[in-house]
Amino acid sequence: MTAILLQDIRLYLTLVESRVRSQAQYRGSFLLVTFVTFLGMATELVAVIFLLDTFGDIAGWGVGEIALLYGLAGIAFGLAEMVGAGFDMFPEMIRRGELDQLLLRPAGVFTQVMAADFQLRRFSRIGQALVALILALRWTSIAWTPEKMLYLPLAILSGAIMFLAVFVLGATLCFWTVESVEVINTLTNGGSEMTGYPMSIYHDLMQRFFTFVIPLLFVSYIPALYLLDRPERADWPGWIVLMPPVAAACLVGVSYILWGVGVRHYRSTGS
Amino acid sequence: MRLYLEIVRRAFSRQLTYRAATLAGMATNCFFGILRSYVFMAAYTGRVDARGWTLDDALTYVWVGQALIMPVFMWGWWDIALAIRSGDVVTYLSKPFDFYGYWLSQDAGRAICHTLTRGAPTLMFGLLVFDIALPSSALNALSFAASVVLAVWISFGLRFLLNISAFWLLDYRGPGILLMFATSFFSGLLVPLVFWPDWARTIAEALPFSGIIQVPADVYLGKLADGALLGALVFQLAWALALMLAGRRLISLAITRVVVQGG
Amino acid sequence: MADPATIVVEGLQRTFSVRRREPGAGALRHLLSRSSRVVRAVDDISFEVPRGDIVGYVGPNGAGKSTTIKMLTGILVPSSGTVRVLDLVPWQQRRQLASHIGVVFGQRTQLWWDLPLIESLELLRHVYRIPPRRFVDNLTRFREILELDPFLDTPVRQLSLGQRMRGDLAAALLHDPEILYLDEPTIGLDVVAKARIREFLQLVNRERDVTVLLTTHDMSDIAHLCRRMMIIDHGRLIYDGSVSAIRERYGTARTLIVDLEHEPDEPICLARGREIRADGPRRWIQFRRDEATAAELIAELSSRYPVRDLTIEEPEIEGIVRQIYEDGLDSLAT
């Protein structure tokens, strides 16, 4: 069982390395597009800064705090976009009948789909969110502890896994409906923008959905509350701070299981 | 003239066939509208007014903006550029109609369809769920309609210029992405220009992008008194014409180049 | 050591329930609609293939060939029946079996579209975990026999059909599979390319004892490669026997399609060819392979009539199947 897992991981790395190499080939165009996208996305950050310049704060969160949320969410989403690109193109794959090809190989289908693409260019989003994060660290006064320093990368990683799980769910839906399900797109892009602000500002139903169904609450809001030592939500239990990796694990577990159901369905009905 | 009307009609019906994408796109529009509405609601806690705008104004702005996104089509229109890459553009250039006029008519047809199938329903959603304001008078509504037409024209002008650059640029995607982000930023879609710092606002208001979202939204909200209203529409018209002139100039340059180099 | 019969199929069934799509209904209505019909793609098929055989698996379009292959390779789960390949159950032990089989689809490629051929092959080395030594040996051998060197560095999407097919064959055999499934491998290729592929398959079968299951439309592929063939139609196995028996009975008739300068007054009558169909100046003339050569017929024809253009049609599986039905299924000694 673990031997198979290791085999798949090694195969994943080899396939992805090939993808990256072929992308890096067009170096000039690639750098240009990445840089331009970086600039473009930076305008989103500038817009937020403008907004906060006028309003001072949003629900008690100042520009530095919002920048922290924006940075955490942006890096997480960018990482997921980079790694999960294969699931993004899965609808295309299944439409072209390429899934059969994957089933003929002595490797896991999940691994092969994830390895089908790896988009280096998504680094533009990560880069710009990093800028936001750095600004946030300068504009806020976080009382740093060794735990918090460990917590920061862990929270970002958990967020990335959560967004990745949503990509997997989106791809899984393709096993049943031929029409591309844009709802997932809404959840990912919308979710990324949503988590750039404190979750407390949204409608009750939304908050509940994004806590218990697609737990994006744990991408940026919970980590920010902890890092900034914010007084709100003091009524929430202390262990909630540790939930990001748990939420990520749960969501990715669910999506992996549903993926398996999807593959089984494909093999029983012949697409 | 009849030819162009026919092109408009054809483009309209063609756009109408993309039914599946419509519903999905609506969901995205509405979701973003909802998110941004809540951001403003939170921003306005403890205050009634910001730079002369009330929360109602801000919410209305959000939904008018979302409704306009598809009609002005600020993201990803590469039809001409692709035709240039594939060489098909020659067939268009050799036909006896006006190149600019042809593509403008196409876009008009598409825009009409998008207004009906995406714009209006999105606005309706905002009306029903967030109780946004309606145009204050018939005159107001008519000026808004005129402003929207001009907004689409400006957006087309920009997209046209970008696509034509494919004649000269090896990689048109870079500028394309830049244009898309510039449009979404300077048009005031992300944050209305009224909430920008003064220095930035002055710059943005001089650019054509503001004519794509901000100006029509201002008209809708009735923020412009008669003189200013006329001035705004003239501003849009001026940019639309300027972009058209630039586009037509470039096309004739391109045709010469194509003829000289033999495609 | 292993089962002498590499592939054992018994009572294989596969039904599909195809939802009838109401014209004009949207996707949601289609999902919810319950009107459907049952299609028996594979209907009670049984056969065994021993190690080292090259067997043809032929049938008209939609007969169930691809569905059978999918079940043999583990892509599709049967509705009922049993399949054992190399003593493994394909859909239950998919990954394990995959290391021992090679598959080539005529229409689709398993190579990476945007990478040079050699890189695709290198990646497959990792996918199949081929020991470096064996990989190099096999690659060298295939490069030589299939003459891959001229286009080894070319991206797969730029390859011609024949080149891509050779690349796919190399890819399918790099890991020394025991069984090779070929689905329309020579489709769209010219005569020279077809011959080269056939030679290669015979070589591989001889040298490495690879069992080959060849699914094709092309009777001449079968004639050159297989001693045994199975004919499947509408999901049922209507023939499982020697190729020579079929050829003798149905495979000898060839058709010469000739376009004459002007329409002749009466049907064409040649010494060893008779007209079977007419459409103005275009005539279909049938002759037997063992009675005359095409050259003889053309010579006789052009000496008597002004010929503008002509082509030769080989016996096709659809025609043979039709004839089998006309003669009656029992007339075949299975």
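Please refer to the structure placed before this passage.
Below: a short report on this structure.

Criteria and cut-off values
Residues numbered from 1 in each chain as written. Chains lettered and ligands numbered in written order. Predicted model: local features only at pLDDT ≥ 70, side-chain atom pairs only at ≥ 80, totals over all residues. Heavy atoms only, no water. Helix = DSSP H or I, 4+ residues; strand = E, 2+ residues; numbered from the N terminus. Buried < 20%, exposed > 50% of the residue type's maximum accessible area, 1.4 Å probe, protein only. Polar contact = N/O pair within 3.5 Å; in protein donor to acceptor, adjacent residues only side chain to side chain. Contact = heavy atoms within 4.5 Å. Buried area = accessible area lost by both parts, 1.4 Å probe. Salt bridge = Lys/Arg side-chain N within 4 Å of Asp/Glu carboxyl O. Nonpolar A, V, L, I, M, F, W, Y, C, P; charged D, E, K, R; others polar. Pairing = 2+ DSSP bridges. Axes fitted to C-alpha atoms, helices over the stretch in contact; angles between N-to-C directions.

A few words now on the side chain of E275 of chain C. Residues and elements named next belong to chain C. You can see E275 is positioned in strand β11 (residues 273-279). Residue class for E275 comes out buried when judged on its relative accessible area of 19%. Within the local environment of E275, its side chain forms a polar contact with the side chain of R283, the two groups lying 3.1 Å apart. Sequence-distant contacts of E275, that is, excluding residues within four places in its chain, are made with P267, I268, R283, W284 and I285.

What follows concerns the interface of chain B and chain A. At the junction of the two partners, chain B supplies 31 residues and chain A supplies 33 residues. When chain B packs against chain A, the two sides together hide about 2,900 Å² of surface, and 77% of this comes from carbon and sulfur. Measuring nitrogen to oxygen at the nearest pair gives 2.8 Å for the salt bridge that ties R36 of chain B to E193 of chain A. When contributions to the side of chain B that touches chain A are tallied by element, the ones reaching two or more residues are α2 (19-43), α8 (173-186) and α9 (198-206) of chain B. Considering every element that reaches the side of chain B that touches chain A, the biggest residue donor is α2 of chain B, with 14 residues. Residue classes in the side of chain B that touches chain A are distributed as 25 nonpolar, two polar and four charged.

Looking now at the sheet that holds strand β3 (residues 54-58) of chain C. Within a sheet, adjacent strands bond to each other through the backbone by hydrogen bonds, running parallel or antiparallel. Residues and elements named next belong to chain C. Taken together, six strands build an open sheet; the order of strands is β5-β6-β7-β3-β8-β9 and the sheet is mixed. This sheet does not close on itself; its edge strands, each paired only once, are β5 (101-105) and β9 (236-242). In this sheet, adjacent strand axes meet at a mean angle of 15° when their direction is disregarded. Bridging between β3 and strand β8 (residues 228-233) involves four bridges; their strand directions are parallel. Counterpart to V55 in the pairing with β8 is R228. Against the sheet, helix α6 (residues 161-173) engages β5 and β6 (179-183), with an angle of about 165° to β5.

If you look at the interface, chain C gives 33 residues, while chain A gives 31 residues. Of the roughly 2,700 Å² buried between chain C and chain A on both sides combined, carbon and sulfur atoms contribute 52%. Summed over the three residues of chain C that lose the most area to chain A, namely I75, R94 and R95 of chain C, the buried surface amounts to 26% of that side. Inspection of the region where chain C meets chain A yields five salt bridges. For D8 of chain A, the salt bridge goes to R95 of chain C, with nearest N and O atoms at 2.9 Å. At the junction of chain C with chain A, the criterion picks out twelve residue pairs in polar contact (both at pLDDT 80 or more). If you list the elements that add at least two residues to the side of chain C that touches chain A, you get β1 (5-19), α1 (27-32), α2 (65-73), α3 (94-98), β5 and α4 (117-127) of chain C. Split by residue class, the side of chain C that touches chain A holds 17 nonpolar, six polar and ten charged.

The values are spatial; any link to function lies outside them.
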